[in-house]
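Fold and contact review
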Amino acid sequence: MKKANSLVLGLCLLAAFSCTKDQDEASDLITENVEVNLQDSDAFLTIEEINALINQSFYEKQSFSWSEVPANVLWSATVHGGKVLTIGYGEKGESFRTEKNDRLDATRLGLMDLVQSSEQVDKKDFRVKEDEVLNVVDLEVTKLETIRELLASDGVRYLEPNGYSYYDITTPQGAKPAPTQTRSAGCDTSGSSLNSADYRSIWPGALVPWTFDRHNIASAWGRSRGAGITIGIIDTGLSPNQPLLGNSFGDGASINGRTVEKYGTYIDSAWWWSNNLDGPNDRCGHGTSMAGVAAGPRNNDGLPSGVAYDANLVMYRGTSDVVLNDYHERKGVSNALRALADRSDVDIISMSIGYPWSIGNVRDAVRYAYSRGKLIFAAGGTSTSATNWYPVIFPASMPEAIAVTGVTDWSGGYRECDICHDGNEIEFTIVMERDSNDDRTTPVIGFNQGQRDYVGGSSVATATMAGVAAMVWSKYPNWSRQQVLNRLRQSSDLYGNTSSKYGYGNIDAYQAVQ
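Per-chain numbering applies: the sequence of each chain, read as written, is numbered from 1 onward. With the structure being a predicted model, the display of local features is reserved for residues of pLDDT at least 70 and the display and counting of side-chain atom pairs for 80 or more, all residues being used for whole-chain, interface and lining totals. Side-chain figures throughout are based on the complete set of non-hydrogen atoms in the structure, without hydrogens or water.

Structural notes on the overall build of the protein
Rule in force here: Every helix listed is a DSSP run of H or I at least four residues long, and every strand listed is a run of E at least two residues long, numbered separately from the N terminus. Working definition: with a 1.4 Å probe on protein chains only, accessible area under 20% of the residue-type maximum means buried, over 50% means exposed, and in between means partly exposed. Residues count as neighbours in contact if any of their non-hydrogen atoms are within 4.5 Å of one another.
Scanning the protein for helices and strands turns up 13 helices and 17 strands. For the protein, with 514 residues in total, the buried portion stands at 59%. Taking as baseline every contact in the protein between residues at least 6 positions apart, the subset at least 24 positions apart corresponds to 76%.

Shown next as structure tokens:
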């Protein structure tokens, strides 16, 4: 916990994922000075004060953790975030259980009793959500003393105000307008006209995106197309208006009979305790694009093909957009990870979504999925050209996830795309943007029938990499996760001389399926 008498913090307004590191650029974002007492006290902080503290952590460490703030900060953020507090319980590293555990049950029940007693609430009015697998419980908390008692209790791994959104900020008087919390980050359902230089046509009438040829993906199709492998994607769902990701999933040259399934774990509600699922259908467009890139059919409709066009697909709508800044998005992604982890037919999980810092219940779910043998790919981060200095985002920053980012087709070597993050957690890169024109990215099937589109950022890089992994696993179905990962690394441009920013670099799909 950081201790100091007080600090005057510059409140910078973030766009997408982060504030700028450059103090000269940051000066344009400073709206006012906010004095925050970092000593634990009884003070209730405003949203501006909490965000200022977060900003200071970004400036100093390029990271933030709720475990490093005083009790009154946790309390303030919990109340601002719908009064929902997530408790990760158990011993350090006990993210989940696979069988009944009396000790963990006793710990959970004891913490629930502590909260109910401290909050002085009748059992019938006590709002709580328990998890059957993860050692996590969500409870309504309103009092500072409850937070202090929990911090002093045994068996608490973490406390997080899981409803608090960093982007939900009121503009101070006289300041520049702050970015408001929206549910549209990364969303686009409109199509695009493709530049004819950005694709080529192949039998039986599909298009090969120019980015695929940078990785010899089409050449690799002679050896593997992902048959027998199931890719699980957690994103914004699948469009009901795109039959190539529905009843025409086996269109054209793709296997007739391969399967596509879609589910929903996201709850669109202002009430955190709501259980009303919002369905599997995409309203954003991002999930549809990711599914199209990873496993869309090699169709006969004059539309872009996916990478692993014979693979099976399971899509979970766990979030409304790409930024996990809402309790139900975090819970939706956590539940989707659990569900995919429990499916023996799912080999690969792809997540082109994330958040600037770690989210406890999602982190626990990633660890559970990893323990079940899943190969997990996650986007390294995509934000504005002024803010992409921020390092690899969560959950790509986890050791259990394989972080992927996008680069341009620069002839001089490696250059990240204009909105892509890089960093030492990155393992693979995908060429997904013209160096001369950042609007020309990867062609993909659109949100609606017959529609074409472009999609970019570390998102499309991640979905592409998941498709390549499916091709390798299909070629060698008896391999372990580690063997598949080793082959991917060995087939990449920088193998043997990895980069601190780009990891193993660009994958060669043809080499990977030899």
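Don't stop here, the text continues.
Here's the deal with the nonpolar core
Keep this limit in mind: Among buried residues, those of type Ala, Val, Leu, Ile, Met, Phe, Trp, Tyr and Cys that are joined through side-chain atoms within 4.5 Å constitute a nonpolar core.
I54, W66, I87, I234, L337, I349 and M351 are the most contacted members of the largest nonpolar core, which has 70 residues in total. Excluding its chain neighbours within four sequence positions, the residues that come into contact with L337 are I234, I349, M351, V362, A365, V366 and A369. With 60 residues, the next largest nonpolar core counts I348, F428, I430 and M465 among its residues.

A closer look at the state of the cysteines
Rule in force here: The disulfide criterion is simple: two cysteine sulfur atoms within 2.5 Å.
Under the definition given, this model contains two disulfides. Each sulfur in the disulfide pair C417 and C420 lies 1.9 Å from the other. Its S-S torsion of approximately 90° makes the covalent link between C417 and C420 right-handed.

What about the side chain of T405?
As a reminder of what qualifies: Any N or O atom pair separated by 3.5 Å or less is treated as a polar contact, with the protein-specific requirement of one donor-capable and one acceptor-capable atom, and with residues adjacent in sequence counted only for side-chain atom pairs.
Here T405 lies in strand 14 (residues 402-408). From its side chain, T405 meets the backbone oxygen of H421 in a polar contact 2.5 Å long. Among all residues touching T405, those that are not within four sequence positions of it are C420, H421, I426, F428, T429, I430, S458 and A461.

A word on the environment of I255
Position of I255 relative to the elements: it lies in the loop between strand 9 (230-235) and strand 10 (260-264). Ignoring anything within four residues of it in the chain, the contact list for I255 reads A227, G250 and D310.

With respect to the packing of helix 4 (residues 102-119) against helix 5 (residues 144-151)
Applied cut-off: The axes are straight lines fitted to the C-alpha atoms, using for helices just the contacting stretch, and the angles between their N-to-C directions are given from 0 to 180°. When an angle is under 35 degrees it counts as roughly parallel; over 145 it counts as roughly antiparallel; between 65 and 115 it counts as roughly perpendicular; any other value is oblique. The crossing is said to be left-handed when, going from far helix to near helix, the turn is anticlockwise and less than a right angle, and right-handed when the turn is clockwise.
Interaxial distance between helix 4 and helix 5 falls to 9 Å at its minimum, and their mutual angle equals 155°. Compared by their axis directions, helix 4 and helix 5 come out roughly antiparallel. When you trace helix 4 past helix 5, the crossing you get is right-handed. Of helix 5, the residues touching helix 4 (which contributes L111, L114, V115, S118 and E119) are E145, T146, E149 and L150.

Side note on the confidence of the model for the protein
This is how it is decided: Across the chain, each position has a pLDDT score giving the predictor's confidence in that residue, from 0 to 100.
Per-residue confidence for the protein gives a mean pLDDT of 89, with 88% of residues at or over 70. For the stretch residues 1-32, pLDDT sits under 50, and the model shows 105 contacts to residues farther than four places along the chain or on other chains. Low pLDDT, under 50, characterises residues 168-183; the stretch is placed with 36 contacts to residues that sit more than four places away or in other chains.

Some details on the sheet that holds strand 4 (residues 128-130)
Applicable threshold: When DSSP locates at least two bridges between a pair of strands, those strands are taken to pair.
Reading across the sheet, the four strands line up as 4-5-3-6 and stay open at both edges, with antiparallel pairing between neighbours. Every interior strand has two partners, whereas the edge strands, strand 4 and strand 6 (156-160), have only one. Adjacent strand axes in the sheet meet at a mean angle of 15°, parallel and antiparallel pairs treated alike. Along the sheet face, helix 4 touches strand 3 (84-89), strand 4, strand 5 (136-140) and strand 6 and points at about 150° away from the line of strand 3.

Quick look at the sheet that holds strand 14
Strand order across the open sheet formed by seven strands is 10-11-9-12-13-14-15, with parallel pairing between neighbours. Pairing within the sheet leaves two strands with one partner each, and these edge strands are strand 10 and strand 15 (426-433). Averaged over all pairs of adjacent strands, the angle between strand axes in this sheet comes to 25°, irrespective of strand direction. Sheet strands touched by helix 8 (residues 286-295): strand 9 and strand 11 (312-317). Its angle to strand 9, the strand with the most contacts, is close to 160°.

Side note on the pattern of salt bridges
Selection criterion: When a carboxyl oxygen of Asp or Glu is within 4 Å of a side-chain nitrogen of Lys or Arg, the pair counts as a salt bridge.
Evaluated as defined, the whole model comprises 29 salt bridges. With its nearest N and O atoms 3.0 Å apart, the salt bridge here joins R317 to D278. Within this pair, whereas R317 is found in strand 11, its partner D278 is found in the loop between strand 10 and helix 8, the two being separated by 39 residues in sequence. Residues participating in the shared-partner salt-bridge network are R97, K100, D102, D105, R108 and E130.

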